[in-house]
Amino acid sequence: MTIKPGDTLPAATFAIKTEDGKKDVTTDDIFAGKTVVLFAVPGAFTPTCSRNHMPGFLGDGDAIRARGVDDIVCVSVNDHFVMKAWGDTYGLDGKITLLADGDGKFTRALGLLAPMAGLGERSLRYSMIVKDGVVKTLNVEHKPGVNVSGASTILTQL
């Protein structure tokens, strides 16, 4: 079953690669008491994710935060080393938090894990607004590209 607006996010632990090493963070650490925009990509360094999805949230980040968002978070079924390297290519400097869902447990619990040709099981592309751990909006892509899950859609929903 796929998560839907009104549902609480499942409890999960993610890995973040910091300068000091690996750090584990939980859904409570990220979402409790906050308004967070969460978007997911099938894979770091993949063309659509790198050229279209991430740049939109990076470019519109200030406008999103100006509408009361505490953090913008990107999750992918990749390891924390890959997520850190991908973030470094953008010079994120805290503008977007990158979460590694290396084994896909969180994504599977959302009902948004799917096989992708040549990539194994990966996250569907989506975005959502989460308030205190509860999904307020959910935008899942059902065709290739960034059509409904981009930053411009989120801005209309805030």
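Every value quoted in this text rests on a predicted model; they were computed, and no experiment measured them.

> How do you make sense of the pairing of strand β5 (residues 97-100) when you look at a structure like this?
Two faces, one strand: in a regular strand the side chains alternate between the faces of the sheet. In terms of strand pairing, strand β4 (residues 71-76) meets β5 through 4 bridges, oriented parallel. Across the sheet, residue Ser76 finds its bridge partner in β5, namely Ala100. Note that the unit made of β4, helix α4 (residues 80-90) and β5 has a crossover that is right-handed.

> For this particular structure, what's the right way to read the side chain of Thr35?
Secondary-structure assignment places Thr35 in strand β3 (residues 35-41). In this structure Thr35 comes out as buried when scored by relative accessible area, which is 16%. Once residues within four sequence positions are removed from consideration, Thr35 is found in contact with Gly68, Val69, Asp70, Asp71, Ile129, Val130 and Lys131.

> Teacher, can you tell me more about α4 here?
Each full turn of the α-helix corresponds to 3.6 residues, which orients residues three or four apart in the same direction. Within α4, the full set of buried residues consists of His80, Met83, Trp86 and Gly87. Each buried residue of α4 sits inside an arc of 125° when the element is viewed along its axis, so together they form one side. For α4, the exposed residues lying more than 90 degrees away from the buried face are Phe81 and Thr89. Check the buried side of α4 and you find it contacts β1 (13-18), β2 (21-26), β3, α2 (47-59), β4 and β5. At the N-terminal end of α4, a side-chain oxygen is found 2.9 Å from the backbone nitrogen of Phe81, two or three residues along, and the residue is Asp79. Gly91 occupies a position one or two residues after α4 and carries a positive phi of about 60°.

> What exactly am I supposed to notice about the pairing of β4 here?
Summarising burial for β4: 6 of the 6 residues are buried, a large majority. Of the two faces of β4, the one carrying Asp71, Val73 and Val75 and the one carrying Ile72, Cys74 and Ser76 are both buried.

> Sorry, what's going on with the pattern of salt bridges here?
Oppositely charged side chains are able to pair whenever their charged atoms sit close together. Scanning the model with the defined rule gives 7 salt bridges in all. In this structure, the salt-bridge partner of Asp88 is Lys84, at a minimum N-O distance of 2.9 Å. Residue Asp88 and its partner Lys84 are both found in helix α4; the two are separated by 4 residues, about one turn of the helix. Connected through shared salt-bridge partners, Glu19, Lys84 and Asp88 make up one network.

> How should unusual backbone geometry be read in this particular structure?
Only a minority of non-glycine residues have a phi that is not negative, and only a minority of peptide bonds are not trans. With phi around 70°, Phe45 is a residue other than glycine that occupies positive phi space. Topologically, Phe45 is positioned in the loop between β3 and α2. Relative accessible area serves as the criterion here: at 46%, Phe45 is assigned to the partly exposed category. With a phi angle near 50°, Asp132 is a residue other than glycine that sits in the positive phi range.

Rules of the game
Residues numbered from 1 in each chain as written. Predicted model: local features only at pLDDT ≥ 70, side-chain atom pairs only at ≥ 80, totals over all residues. Heavy atoms only, no water. Pairing = 2+ DSSP bridges. Helix = DSSP H or I, 4+ residues; strand = E, 2+ residues; numbered from the N terminus. Right-handed = clockwise from strand over helix to strand, strands pointing away. Buried < 20%, exposed > 50% of the residue type's maximum accessible area, 1.4 Å probe, protein only. Contact = heavy atoms within 4.5 Å. Arc of directions from axis to C-beta. Polar contact = N/O pair within 3.5 Å; in protein donor to acceptor, adjacent residues only side chain to side chain. Salt bridge = Lys/Arg side-chain N within 4 Å of Asp/Glu carboxyl O.

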